[in-house]
Each structure stands twice: as structure tokens, then as C-alpha cells.
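# Observations on chain architecture
The lines below spell out each chain.
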Amino acid sequence: RYRHGSASSGINAEYGDCKIKPGCIKHPPWPEGICTQCQPQAVTLNQQDYRHTDFVEFESADIVENFINYWRTTGLQRVGFLYGRYDVEGHVPLGIKSVVSFIYEPPQNSDQKSVEFLDDPYHCVVDNIAKLLGLYCVGWIFTDLQPLSISEGTVKNLRNGKTFFLSAQECIHAAYFQNNYPSPSNLSKLGKF
């Protein structure tokens, strides 16, 4: 996704096109060949220069405790979607907070290091019920600590400033979810971004 400045609005949110142009006769078809006329425009990933939300608030501690309990009792990782709403955060200038009403855990297989999503026959039902309640998907949550001893409650934390904060697979999932749950935006011709 791209954000470009414009003279009229200051910021314009547009979707980029990263597809290879088909039908070029100057070389064999992709992936055997590509030229500058048919290759997609270069994309540069930059750190987000604005915040989407300042923090996440759960309506009840039980919401997140129930989610984490699966990991605590099994040592297996888990992923869930946060459903709620955005609200004004008065303690921060122009502050926005995500207020989570529930966590939906889609069908998944997991082990101590990863999660595999399964087909989800209830995803649309959950989205529709949430919409009727005035809620929508505001994010996702996942466990990431590896248990050393479940009985002792000790863990191995692999994420820090010297290693990584998100794995490659988590980045791919985050991009996929962001495309599936765009935010309403009057800066985009599509009305969402």
C-alpha cells in the first residue's frame, strides 16, 4: 500500500499494483524472463510514520486470560482475532485506542513454535454477528513464548532488540490480515485503506 502527498488533501492513500504485465514478446514468459517494461514498479518498505492506535484495552481481563490459558495449560501456541471498536484516548494528543470486546480463535493446528490456520466455516458468521453488535476486527493476538517447564511456569523468550520482534511468517500473516480488514478512510478513492 502506498501513501502519497497531494496538493489538495495533503495525504492520499492508494493501493499499489505489483502485478507483472502479461503479453510481453521481448522475452519468455515469467518466470523464465522479465524486462523493465513488464516488471512491477519497485516497492520500498518504510517504517510507518504515523500510529494506527496508541494502545489496546480489553473490556475485561477475562478476555485475554481465557486466550492465554490455552497456552499456559498446553504449551502450544495460539492465534486469535480481536473484535471491538476504536475509541478516543484522552490522555494522548489525537489519541486512539482499540477496545476489545472478544477474541475469536479460528480453527488452527499448533505446536510449541508455530500455528497453522485451518479452513474456517464460521468466519463470515463471526464477522456478521460482530457487525450487528457495532464491532469489527481491530487486530490479532498470538502467543509467542516457548515453555521451558509447564509445571514450573518458566518460559524462553526469543524476541528482543538483538533477535527479532516478528517472524517472517507473522509479517506475511499481518499483511494478509491488513488486506482483509482495511480501515475506513476518506483519503482513499475506495473508501478504505
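Predicted model, so just to flag it, every value in this text is computed and none were measured. (Residues numbered from 1 in each chain as written. Predicted model: local features only at pLDDT ≥ 70, side-chain atom pairs only at ≥ 80, totals over all residues. Heavy atoms only, no water.)

Before going further, it helps to spend a moment on the pairing of strand E4 (residues 79–89). Successive residues of a regular strand alternate their side chains across the two faces of the sheet. With six bridges connecting them, E4 and strand E8 (residues 136–142) associate as antiparallel partners. Paired with glycine 84 across the strands is tyrosine 136, a residue of E8. Summarising the sheet, E4 and strand E5 (residues 95–104) pair through nine bridges and their orientation is antiparallel. What sits directly across from tyrosine 86, in E5, is serine 98. Hairpin connection, E4 to E5: the antiparallel pair is bridged by five residues, and leucine 94 has positive phi, about 55°. (Pairing = 2+ DSSP bridges. Helix = DSSP H or I, 4+ residues; strand = E, 2+ residues; numbered from the N terminus.)

Counted by the stated rule, this structure contains four salt bridges. Put simply, glutamate 59 and arginine 85 hold a salt bridge, and the shortest N to O gap is 3.0 Å. With glutamate 59 in the loop between strand E3 (55–58) and helix H1 (61–74) and arginine 85 in strand E4, this pair connects stretches of sequence that are 26 residues apart. With relative accessibility at 46%, the residue glutamate 59 sits in the partly exposed group. For the salt bridge of glutamate 65 with arginine 72, the shortest nitrogen-to-oxygen distance reads 2.7 Å. Judged by its relative accessible area of 38%, arginine 72 is partly exposed. (Salt bridge = Lys/Arg side-chain N within 4 Å of Asp/Glu carboxyl O. Buried < 20%, exposed > 50% of the residue type's maximum accessible area, 1.4 Å probe, protein only.)

Quick look at the confidence of the model for the protein now. Summary statistics for the protein give a mean pLDDT of 83 and a share of 88% for residues scoring 70 or more. Element-level mean pLDDT values for the protein span from 39 in strand E1 (residues 2–4) up to 96 in helix H2 (residues 123–132). In this model, residues 1–9 is a region of pLDDT below 50 whose contacts with residues beyond four sequence positions or in other chains number 29 contacts. (pLDDT = per-residue confidence, 0-100. Contact = heavy atoms within 4.5 Å.)

Glancing now at the packing of aromatic side chains. According to the stated counting rule, one finds eight aromatic pairs in the structure shown. Considering the side-chain rings of phenylalanine 117 and phenylalanine 177, the 5.8 Å spacing of their centres and the 85° angle between planes classify their relative orientation as edge-to-face. Residue phenylalanine 117 is located in strand E7 (residues 115–117), and its partner phenylalanine 177 is located in helix H3 (residues 168–180); the two are separated by 60 residues in the primary sequence. Look at tyrosine 176 and phenylalanine 177: their rings are 5.9 Å apart centre to centre, the planes differ by 65°, and that puts the pair in the edge-to-face class. Classification of phenylalanine 177 as buried rests on a relative accessible area of 9%. If you follow arginine 78 out to its NZ or CZ, it ends over the ring of tyrosine 70, 4.7 Å from the centre. (Phe/Tyr/Trp six-rings, centres within 6.5 Å; stacked < 30°, edge-to-face > 60°. Lys NZ or Arg CZ within 6 Å of the ring centre and 35° of its normal.)

Right, let's talk about the sheet that holds E5 for a bit. Strand order in the open sheet formed by four strands is E3-E5-E4-E8, and the pairing between neighbours is mixed. If you trace the sheet from one side to the other, it starts and ends with E3 and E8, each paired once. Geometrically, the sheet is characterised by an average inter-axis angle of 45° between neighbouring strands, direction not taken into account. Here H1 sits on the sheet and contacts E3, E4, E5 and E8; the angle it forms with E5, its principal contact strand, is near 55°. Against the sheet, H3 engages E4 and E8, with an angle of about 170° to E8. (Axes fitted to C-alpha atoms, helices over the stretch in contact; angles between N-to-C directions.)

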